[in-house]
Amino acid sequence: MISCLEIEKPILELEDKVGELISSSLDRDADLTSGILLLREKLDLLKEHFFLNLSPIEKVQMARHPQRPYPADYISLLFSDFLELHGDRRYADDRAVFGGFALFDQQPVMLIATRKGRDLASNMACNFGCAHPEGYRKAWRLMRLADKVGAPIITLVDTPGAYPGIGAEERHIGEAIACNLRDMFRLSVPVISVITGEGGSGGALGISVANRLLIMANAYYSVITPEGCAAILWRNNEAVPKAAEALKLTSDDLKNLKVADEIVREPADGAHRDYQKAAELLGEALLRHLQDLRKMSAEQLRQDRYEKFRNLGLFLE
Amino acid sequence: MSSPNNTTANNQQVKSDIPAGLWLNCKSCSELLYQSSLEENLQVCPSCGFHFSLTAAQRIKMLVDPDSFQEIDPSLHSCDPLNFSGDGSYAEKLLSSKQKTNLQEAVVCGSATLNRIPYALAAMDFRFMGASMGSAVGEKITRMLEMAVQRSLPALIVTASGGARMQEGILSLMQMAKTSAAVMRHDEAGLPLIIILTNPTTGGVTASFASLGDIILAEPKALIGFAGPRVIKQTTQADLPEGFQSAEFLLEHGFIDRIVERKKLRRELGLLLHYLGGGRAI
Ligand SMILES: [Zn+2]
């Protein structure tokens, strides 16, 4: 049983109808081709319309879709010989963030990614994708290693945010994120980050100080969740859709605000209905940006990354 | 020849924007206090030692040689990039904050001397929308650090902030990276950064420049953390430890160099600037 969102039901219902018609035409040996074709056309239109008209909060729901491909899925589809490297060498191995070397286009890269888990047991094991300080410190350890050996860094991000917990504060999660924000500007290798699902505030930014930031079409990236924002500014839960709208957190918004460099298209059905196609589209974009960045010198890469962030923000004087 | 012990202005009066002659209750111990005695005591409760918030102007006056402060970017201010409207519009909130504080933004930046040692500084003012960091605050902090690099100055940031300014959405988040990049360049220029954490310093400011000082000082009992205590309690459903996220708790957990009472801050900053400058005479 595929779990589906309320908003997806019309599509799934129509798909069921097409399926029924095909099987009954086989059963009765009757020619229902024209009917099937008509329904298929209707289905394609419905899908196109569906993704064009998603409201910001519906996009957030798509980004959180339980069937959505996670970074680990993209890694197995796009990279080979992934060799995971564990631990921050200080306290623990945070399972919400993982990383290691892999081959992409036959060349070594360092992968850093977040992990939510697919079922309750794995959700719990990786804390629903909410990293502790150790996750950010592990990420930095691996990025520094990549820098040393000249391997480009690719980070795949899908996290609700850094973990707001007692241990996280005791071990200074703010400092762990801050150090990554500062030190990622020192890196002399290409850095590409992709928001594949949820880009949860500082928790996402802490591994996304990149030369190129890509965002999947149905992903979001925000300073605060719409739920958090609604609770603080509206003081009620019903304002969540309004908050999602006001925060300008969709892929289109992020491109307009020059935070994202490219929106990575998703299959017509959404990434969760076709992992293979979603991975192909992402892989194509990654390869193109990586080829661009490989042409730059170490100093150019540092300067490029600095300028990208130096220019973000709108103010008056 | 400057001496780090030259702290004659240590107990200078700090003017408040509350009219003189007013009585008020201490927020911590409820003791009835005379406003002028609070001023004489640098806005610290004489009875329980509670440190009241200082405005940026009060803070700067407390930490620089008289008339040495030269402000930069005084007119840089926020626009409303997302046309944000929540419970009241962002534009209205900005306007009322400006009227209330007589400031253009939540941070005041510039250069000054202390004991004739020059340094660059920024002081956040919590009255201005909880000194949350939007594009303008991020830009001002960044420019202050760039000015420090250009003039080879050590830098000081006195923090107080509720975190990122969510009315600027993702652009406020990006200020965390922008300011941290500026800290990186200041660091690579071989220059020291001092942070003074004051009550409260949380969220995106904690997860960027406030945690990146070579020296991190804090005022007593200041609340310092990434996530707010209410969110942590809600998420974990656990009882928070005694003194959780207080300056004292963070000292115990290895995050802070020193907790410094306000009345000793000027002297200690002077000493630090002296040490960090290699004891050079200016
Ligand atoms: Zn008191």
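Residues numbered from 1 in each chain as written. Chains lettered and ligands numbered in written order. Predicted model: local features only at pLDDT ≥ 70, side-chain atom pairs only at ≥ 80, totals over all residues.

**Thoughts on the overall build of chain A**
Thought 1: Helices and strands together make up the secondary structure of chain A, namely 14 helices and 9 strands.
Thought 2: By the compact-globule yardstick of 20 Å for 317 residues, chain A fits well, its C-alpha radius of gyration being 21 Å.
Thought 3: Dimensions of chain A, computed from C-alpha atoms along their principal axes, come out at roughly 65 × 50 × 45 Å.
Thought 4: Residue burial in chain A is summarised as follows: out of 317 residues, 49% are buried.
Thought 5: The long-range share in chain A, meaning contacts at least 24 apart out of those at least 6 apart in sequence, stands at 70%. (Helix = DSSP H or I, 4+ residues; strand = E, 2+ residues; numbered from the N terminus. Rg over C-alpha atoms; globule rule 2.2 N^0.38 Å. Buried ≥ 20, exposed ≤ 12 C-beta atoms within 10 Å, placed from the backbone. Contact = placed C-beta atoms within 7 Å.)

**Here we look at unusual backbone geometry**
Residues and elements named next belong to chain B.
Thought 1: Here the amide bond leading from Asn199 into Pro200 is cis, since omega sits at -20°, within 30 degrees of zero.
Thought 2: A positive phi angle, near 60°, is found at Asp67, a position not held by glycine.
Thought 3: Tracing the backbone shows Asp67 in the loop between helix 2 (56-63) and strand 3 (70-72).

**Focus: the domain arrangement of chain A**
Thought 1: As assigned here, chain A comprises domain 1 (8-23 + 30-53) and domain 2 (59-310).
Thought 2: For domain 1 of chain A and domain 2 of chain A, the distance between their C-alpha centroids amounts to 35 Å. (Domains from an automatic or database assignment.)

**Focus: the interface of chain B and chain A**
Thought 1: Taken together, the contact between chain B and chain A spans 51 residues of the former and 43 residues of the latter.
Thought 2: In terms of residues, the side of chain B that touches chain A owes the most to one element, helix 5 (residues 169-188) of chain B, which gives 14 residues.
Thought 3: In the side of chain B that touches chain A, the residues fall into 27 nonpolar, 20 polar and 4 charged.
Thought 4: Two strands pair when backbone bridges link them, and strand 9 (residues 315-316) of chain A and strand 4 (residues 77-78) of chain B are joined in this way by 2 bridges, in the antiparallel orientation. Paired with Phe315 of chain A across the bridge in strand 4 of chain B is Ser78 of chain B. (Nonpolar A, V, L, I, M, F, W, Y, C, P; charged D, E, K, R; others polar. Pairing = 2+ DSSP bridges.)

**Observations regarding helix 9 (residues 262-276) of chain B**
Helical periodicity: at 3.6 residues per turn, an α-helix aligns residues three or four positions apart in one direction.
Residue and element names in this part refer to chain B.
Thought 1: The end-to-end C-alpha distance of helix 9 is 21 Å, a good match for the 21 Å that 15 residues give at a rise of 1.5 Å each.
Thought 2: Every buried residue belonging to helix 9 is among Arg262, Leu265, Arg266, Leu269, Gly270, Leu272, Leu273 and His274, and all of these are buried.
Thought 3: The elements touched by buried residues of helix 9 are helix 2, strand 7 (107-114), strand 8 (117-124), strand 10 (193-201) and strand 11 (215-218).
Thought 4: Looking one or two residues past helix 9, Gly278 carries a phi angle of roughly 70°, positive in sign. (Expected span 1.5 Å × (residues − 1).)

**Let's talk about the nonpolar core**
Thought 1: Judged by nonpolar contacts, the single largest core of 170 residues is most densely connected at Ile112, Met143 and Ile215 of chain A together with Val107, Tyr119, Ala155 and Ile170 of chain B.
Thought 2: Looking at this core, the element that brings in the most residues is helix 5 of chain B, giving 10 residues.
Thought 3: Other than its neighbours up to four places away in sequence, Ile112 of chain A contacts Val97, Gly99, Ala139, Leu142, Met143, Ile153, Thr155 and Ile207 of chain A. (Core = buried A, V, L, I, M, F, W, Y, C linked by C-beta atoms within 7 Å.)

**Re the environment of Phe50 of chain B**
Thought 1: Within the secondary structure, Phe50 of chain B sits in the loop between helix 1 (35-40) and helix 2.
Thought 2: C-alpha separation for the pair Phe50 of chain B and Met147 of chain B, spaced 97 residues apart in sequence, amounts to 35 Å.

**Here's the deal with helix 8 (residues 173-183) of chain A**
Thought 1: Most of helix 8 of chain A is tucked away: 10 of the 11 residues are buried.
Thought 2: When helix 8 of chain A is considered as a whole, its buried residues turn out to be Ile173, Gly174, Glu175, Ala176, Ile177, Ala178, Cys179, Asn180, Leu181 and Arg182 of chain A.
Thought 3: The elements touched by buried residues of helix 8 of chain A are helix 6 (133-149), helix 7 (166-170) and helix 9 (201-205) of chain A together with helix 5 and helix 6 (203-206) of chain B.

**Quick word on the pairing of strand 6 (residues 212-216) of chain A**
Residues and elements named next belong to chain A.
Thought 1: The buried count for strand 6 comes to 5 of 5 residues, which makes it a mostly enclosed element.
Thought 2: The alternating pattern of strand 6 places Arg212, Leu214 and Met216 and Leu213 and Ile215 on opposite faces, both of which are buried.
Thought 3: In the sheet, strand 5 (residues 191-200) pairs with strand 6 via 4 bridges, with the strands oriented parallel. Within strand 6, the position partnered with Ile195 by the bridge is Ile215.
Thought 4: Sheet topology places strand 6 next to strand 8 (residues 262-264); 3 bridges connect them, and they run parallel.

**Overview of the confidence of the model for chain B**
Thought 1: For chain B, the average pLDDT comes to 91, and 91% of its residues sit at 70 or higher.
Thought 2: Considering only residues more than four positions removed or in separate chains, one finds that residues 1-16 of chain B, a stretch of pLDDT under 50, has 29 contacts. (pLDDT = per-residue confidence, 0-100.)

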